[in-house]
Amino acid sequence: MSQSPEQIDIKRRGLMLVLSSPSGAGKSTISRALLEDDDRLSMSVSATTRKARPGEVEGVHYFFMEPVDFNLMINQGELLEHAKVFDNYYGTPSKPVEAALSDGKDILFDIDWQGTQQLKQKAGDDLVSIFILPPSTKSLENRLKSRAQDSDEVVAKRMSKASEEISHWPEYDYVVVNDNLDRCISEVKAILKAERVRRHRRTGLLQFVNALREGY
Ligand code: 5GP
């Protein structure tokens, strides 16, 4: 006998949500806000050869490593994607992503356009990508300076890279302008909410609909 529709938990596949933006457009603040009140979402912690900034914690913000160890991870196929951004290497360790997805969780990635392209090739429809644009170039510069974590030289370098990064906006599913942080956060949350109920992700729908059509 079939289960009644109420007994059926409509299962769905986890999704991979990517946020990309030029450095300083507010991506980390948006990520924190998304994670704060959503226990179905977990953050992918990247590996990097960049040195830790003040306040950054190993295993929370990044796995900080020497180039030789990073290369080892590449050679052993332990990274889902990797790229050189500015002067450092960044990559996504595969294992935690696979564990979270099989646990039915969605995963949030703060990665650049190069990593997004690589993940798109691997994950296809399971990937949802959002590009965050700053409201102006000046605001980007102000944010980078007020972070006070990077030298003037690093800030200048990141500013000169911003335009190149922004040029990749058409490769993303959604584009959100961060002219008002609260609105930007609620737009990103709305995207996630809608993407979660996309038909192709809801693997349990057929069973549910069959039960409905059988009159249960
Ligand atoms: P930051 O040094 O400011 O933490 O990050 C610099 C850039 O590297 C950001 O645009 C960020 O999205 C990107 N990034 C961080 N982790 C990864 C990663 O694992 N893969 C790729 N491709 N980019 C990353």
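Use the structure listed above.
As a starting point, this report considers the structure included with it. (Residues numbered from 1 in each chain as written. Predicted model: local features only at pLDDT ≥ 70, side-chain atom pairs only at ≥ 80, totals over all residues. Heavy atoms only, no water.)

Brief notes about the overall build of the protein chain
Argument step 1. Per the secondary structure count, the protein chain includes 8 helices and 9 strands.
Argument step 2. For the protein chain, the spread of C-alpha atoms along the three principal axes comes to 70 × 40 × 30 Å.
Argument step 3. Burial status across the protein chain gives 42% buried among its 216 residues.
Argument step 4. Counting only contacts in the protein chain whose residues sit at least 6 apart along the sequence, the fraction spanning at least 24 positions is 70%.
Argument step 5. When the accessible surface of the protein chain is summed, it comes to about 12,100 Å², and 51% of that surface belongs to carbon and sulfur atoms.
Argument step 6. Charge separation in the protein chain, taken as the distance between the mean sites of 30 positive and 33 negative side-chain charges, equals 2 Å. (Helix = DSSP H or I, 4+ residues; strand = E, 2+ residues; numbered from the N terminus. Buried < 20%, exposed > 50% of the residue type's maximum accessible area, 1.4 Å probe, protein only. Contact = heavy atoms within 4.5 Å. Areas by Shrake-Rupley, 256 points an atom, 1.4 Å probe, with all protein chains shown as cover. Lys, Arg positive; Asp, Glu negative; His and termini not counted. Charge placed at Lys NZ, Arg CZ, Asp CG, Glu CD.)

Some points on the sheet that holds strand β3 (residues 46–48)
Argument step 1. Spatially, the 4 strands line up as an open sheet ordered β4-β3-β6-β5, and their pairing is mixed. Edge strands, defined here as strands with exactly one partner in the open sheet, are β4 (62–64) and β5 (79–85). For this sheet, the mean angle separating the axes of adjacent strands, direction not counted, is 25 degrees.
Argument step 2. Direction of pairing for β3 relative to β4: parallel, over a ladder of 3 bridges. Residue pairing across strands places serine 46 opposite tyrosine 62, the latter belonging to β4. (Pairing = 2+ DSSP bridges. Axes fitted to C-alpha atoms, helices over the stretch in contact; angles between N-to-C directions.)

Comments concerning the site of the ligand
Argument step 1. Lining the immediate environment of the ligand, one finds 17 residues, of which Ser46, Arg50, Tyr62, Tyr90 and Asp110 sit closest.
Argument step 2. Between arginine 50 and the ligand, the recorded distance is 2.7 Å, taken from a side-chain N or O atom to an oxygen atom.
Argument step 3. Separating an oxygen atom of the ligand from a side-chain N or O atom of tyrosine 90 is a distance of 2.5 Å.
Argument step 4. When the free accessible area of the ligand is taken as 510 Å², the share hidden by the protein chains comes to 95%.
Argument step 5. Mapped onto the shell around the ligand, the elements with two or more residues apiece are β5 and β6 (88–93).
Argument step 6. In terms of residue class, the shell around the ligand is made up of 6 nonpolar, 4 polar and 7 charged. (Near = heavy atom within 4 Å. Polar contact = N/O pair within 3.5 Å; in protein donor to acceptor, adjacent residues only side chain to side chain. Nonpolar A, V, L, I, M, F, W, Y, C, P; charged D, E, K, R; others polar.)

Section: the sheet that holds strand β2 (residues 41–43)
Argument step 1. Ordered by their spatial adjacency, 5 strands build an open sheet running β2-β7-β1-β8-β9, and the pairing between neighbours is parallel. Only two strands of the sheet have a single neighbouring strand rather than two, namely β2 and β9 (174–177). Each adjacent strand pair in this sheet contributes to an overall mean axis angle of 25 degrees, direction not counted.
Argument step 2. Bridge count between strand β1 (residues 16–20) and strand β8 (residues 127–133): 5 bridges; the pairing is parallel. Of the residues in β8, the one forming a bridge with valine 18 is serine 129.
Argument step 3. Packing against the sheet, helix α1 (residues 27–36) makes contact with β1, β2, β7 (106–110) and β8, and its axis sits at approximately 150 degrees to β1.

Some points on the packing of aromatic side chains
We describe a pair of aromatic rings using the distance from one ring centre to the other and the angle between the two ring planes.
Argument step 1. Per the counting criterion, the structure on display carries 4 aromatic pairs.
Argument step 2. When the ring of tyrosine 62 is compared with that of tyrosine 90, the centres are 5.8 Å apart and the planes differ by 55 degrees; the resulting orientation is tilted. Of the two residues, tyrosine 62 sits in strand β4 while tyrosine 90 sits in strand β6, which places them 28 residues apart along the sequence.
Argument step 3. Judged by its relative accessible area of 12%, tyrosine 90 falls in the buried class.
Argument step 4. When the ring of phenylalanine 131 is compared with that of tyrosine 172, the centres are 5.0 Å apart and the planes differ by 65 degrees; the resulting orientation is edge-to-face. Here phenylalanine 131, found in strand β8, pairs with tyrosine 172, found in the loop between α6 (152–166) and β9; they are 41 residues apart in sequence, far enough to count as distant.
Argument step 5. Three or more aromatic residues joined by ring pairs make a cluster, and in this case those are Tyr62, Phe64 and Tyr90. (Phe/Tyr/Trp six-rings, centres within 6.5 Å; stacked < 30°, edge-to-face > 60°.)

Geometric values such as these leave the question of function open.
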